Amino acid sequence: MKIVASSDWRDAIPFDTLVLVADVVPGEPTRCFTCGADSEPRERTELWAYKHRHPKNHDGYVRFYCAEHRPAIQRPLAAASLAPARGTGRPASRPAAERRVSKPTIPDRVRAMCPNCFVEVSATGECGMCGWAA
């Protein structure tokens, strides 16, 4: 059996963008997520849909917000402002290979093994399976 993700109206909403709820999914009046379940239902033309990112679900999740509670959209910084400045006009003092620092290699430790169980012996020197002492 093959398990496949289903598709619905939430897939059409882009991430981190406000969309009018009436344009996405028509229907009866509904409530703002922030106002809560005790608030009065609002018309879908007064609510905004916002698709949030989720760390464990790649589809994210959608919440409805009224005009007072809609989230502020943070625009990503331009790629030019993120890139480091290049071409300072002066030549590099050393070649790139010399500037790299290599990390010293750490040899693997030889760990004590139990001759009966063939498992690694703990730091106390006693096998946790059979009790053999090194």
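Refer to the structure presented above.
Residues numbered from 1 in each chain as written. Predicted model: local features only at pLDDT ≥ 70, side-chain atom pairs only at ≥ 80, totals over all residues. Heavy atoms only, no water.

Side note on the pattern of salt bridges
Move 1: Under the definition given, this model contains 2 salt bridges.
Move 2: Here D16 makes a salt bridge to R53, at a shortest N to O gap of 3.2 Å. Of this pair, D16 sits in the segment before β1 (18–20) while R53 sits in the loop between β2 (48–52) and β3 (61–65); the two residues are 37 residues apart in sequence, bridging distant segments of the chain.
Move 3: The exposure class assigned to R53 is exposed, which follows from its relative accessible area of 55%.
Move 4: Of the charged contacts in the structure, one is a salt bridge between E68 and R42, with a shortest N-O distance of 3.4 Å. Of this pair, E68 sits in the loop between β3 and α2 (79–82) while R42 sits in the loop between α1 (21–24) and β2; the two residues are 26 residues apart in sequence, bridging distant segments of the chain.
Move 5: Overall, the relative accessible area of 56% leaves E68 in the exposed class. (Salt bridge = Lys/Arg side-chain N within 4 Å of Asp/Glu carboxyl O. Helix = DSSP H or I, 4+ residues; strand = E, 2+ residues; numbered from the N terminus. Buried < 20%, exposed > 50% of the residue type's maximum accessible area, 1.4 Å probe, protein only.)

Observations regarding the state of the cysteines
Move 1: In this structure the tally under the stated criterion is 0 disulfides.
Move 2: Sulfur of C66: no disulfide; nearest cysteine sulfur belongs to C32 and is 3.7 Å away.
Move 3: Exposure remark for C66: the relative accessible area of 0% places this residue in the buried category.
Move 4: With no disulfide of its own, C130 lies 3.6 Å from the sulfur of C117, the closest cysteine sulfur. (Disulfide = S-S within 2.5 Å.)

Comments concerning the packing of aromatic side chains
Move 1: What the rule picks out here adds up to 2 aromatic pairs.
Move 2: Each ring, one from W9 and one from F64, has its centre 6.2 Å from the other, and the planes form 40°; the classification is tilted. Here W9, found in the segment before β1, pairs with F64, found in strand β3; they are 55 residues apart in sequence, far enough to count as distant.
Move 3: With relative accessibility at 31%, the residue W9 sits in the partly exposed group.
Move 4: F64 gets classed as buried once you look at its relative accessible area, which sits at 16%.
Move 5: Ring centres of F33 and Y65 lie 6.2 Å apart, and the angle between their planes is 85°; this geometry places the pair in the edge-to-face category. (Phe/Tyr/Trp six-rings, centres within 6.5 Å; stacked < 30°, edge-to-face > 60°.)

By themselves, these figures tell us nothing about what the structure is for.
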